[in-house]
Structures are given as C-alpha cells and as structure tokens.
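Analysis of the macromolecular model
The lines below spell out each chain.
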Amino acid sequence: MSGKSTNKLDIAIFSAVALVLLCLIALLASNLIFQYSNYRDGIGMALADPKYIDHASILTYSRAWDFSVAKTSALFLSFLLIFTGALYVLRAAESKVELNAEQGDFKGSLSVTSPGLVMVALGVFLVAFVLSNKTMVEYSRNGLTERNGEEVKKERSLIEPSNPVEQINRESVK
C-alpha cells in the first residue's frame, strides 16, 4: 500500500474505534446513573417505615451497589481493551513488543509482533471472568431497630449516597 492510503486507512480505523469507545463511555455513564437511582430508591424504601430502621436492607443495598459498580466497570474496561487492541490489530503498520524477566534461576521472555492481539486476549479473558464470577449479597430481616420516640415524631429526611454531580447542581442553583 502507498503511504497516503495507509494514513487514510489508519485515520478511518481510528475514527471508527474512537466513536465506538465514546459510545461505550456514554453507555457506562448512563448504566451507572441508572444503577445509582435503583439502589438509592431501595435504601429510601428501607428507611420509609417511621417506626423501624431496617439496617440489614440498607447494608445489603450498599454492598450490592459496590459490587454492581465494580462488575460493570470491569466489563466496560474489558470492552475498552478489546476495541483498543482491535485498533492495533487493524493498523497497517508493523510493531513488535518484547518483554524479558529474570528473577534468580527463573528466566522468561515474551515476544509479540502484535500487541493488539495481547490486548484483545486480555479483554476477552476479563469479559469471561466478569461474566462467570458470581457475587452473592444476602439479606436477612432480623436487623430491625425500633426508632426512639423523638425520631418518629420528626419528619423523616431521606439519607442518600453522595453524588458529586447533584451537589454541584444544587450549589449552582443556590
């Protein structure tokens, strides 16, 4: 291929992969916002009873939110690896990566002519690991604590997890 057609092909491939990565980032952000609202509503419902506080439910929703964010972020990171690796694989240029390690009697080396294939393989491995890994969050309803008389009389205010975006929006409105 000539130099100009190679550059045009590289620019086209880069543009397509960059567009896909931007769409992935938008999907990740919207997914995390949706999950946040679901778990916030669950915690709100656990605090809705004016007589009892359901500690187990609140802790369960909080733990589930943590696991959900970690798994979702890992899955999107794996797609990022796959698409970035595909960008390297589809490039017309040649590249070579060599890795050597030596510790005592142990010697190892890795020589790869396509770092993109390594990135794609790591991304696929991460997808398989995230999808096959099961996370258990259990709930038991024996953790109810009766509120004291003063709290029952007061109007209940909703305790929400902190969200920097909402705090910025509230401050800009004031």
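Below is a summary of the structure that appears in this document. (Residues numbered from 1 in each chain as written. Predicted model: local features only at pLDDT ≥ 70, side-chain atom pairs only at ≥ 80, totals over all residues. Heavy atoms only, no water.)

Structural notes on the overall build of the protein
Helices and strands together make up the secondary structure of the protein, namely five helices and four strands. Overall, the protein shows an N-to-C arrangement of helices and strands of α-β-α-β-β-α-β-α-α. Per-residue burial over the protein gives 22% buried out of 174 residues. For the protein, long-range pairs separated by at least 24 residues make up 77% of all intrachain contacts whose partners lie at least 6 apart in sequence. For the protein, the accessible area works out to roughly 12,800 Å², and carbon and sulfur atoms hold 63% of it. (Helix = DSSP H or I, 4+ residues; strand = E, 2+ residues; numbered from the N terminus. Buried < 20%, exposed > 50% of the residue type's maximum accessible area, 1.4 Å probe, protein only. Contact = heavy atoms within 4.5 Å. Areas by Shrake-Rupley, 256 points an atom, 1.4 Å probe, with all protein chains shown as cover.)

What about helix α3 (residues 115-132)?
An ideal rise of 1.5 Å per residue puts 26 Å on 18 residues; α3 measures up with 26 Å between its terminal C-alpha atoms. Here the buried face of α3 lies against α2 (55-90), β2 (97-103) and β3 (106-112). (Expected span 1.5 Å × (residues − 1).)

A word on the side chain of S78
Locating S78 in the fold gives a position in helix α2. When near neighbours in sequence (up to four residues on either side) are disregarded, S78 contacts G123, L126 and V127.

Any functional reading would require information that these geometric values do not contain.
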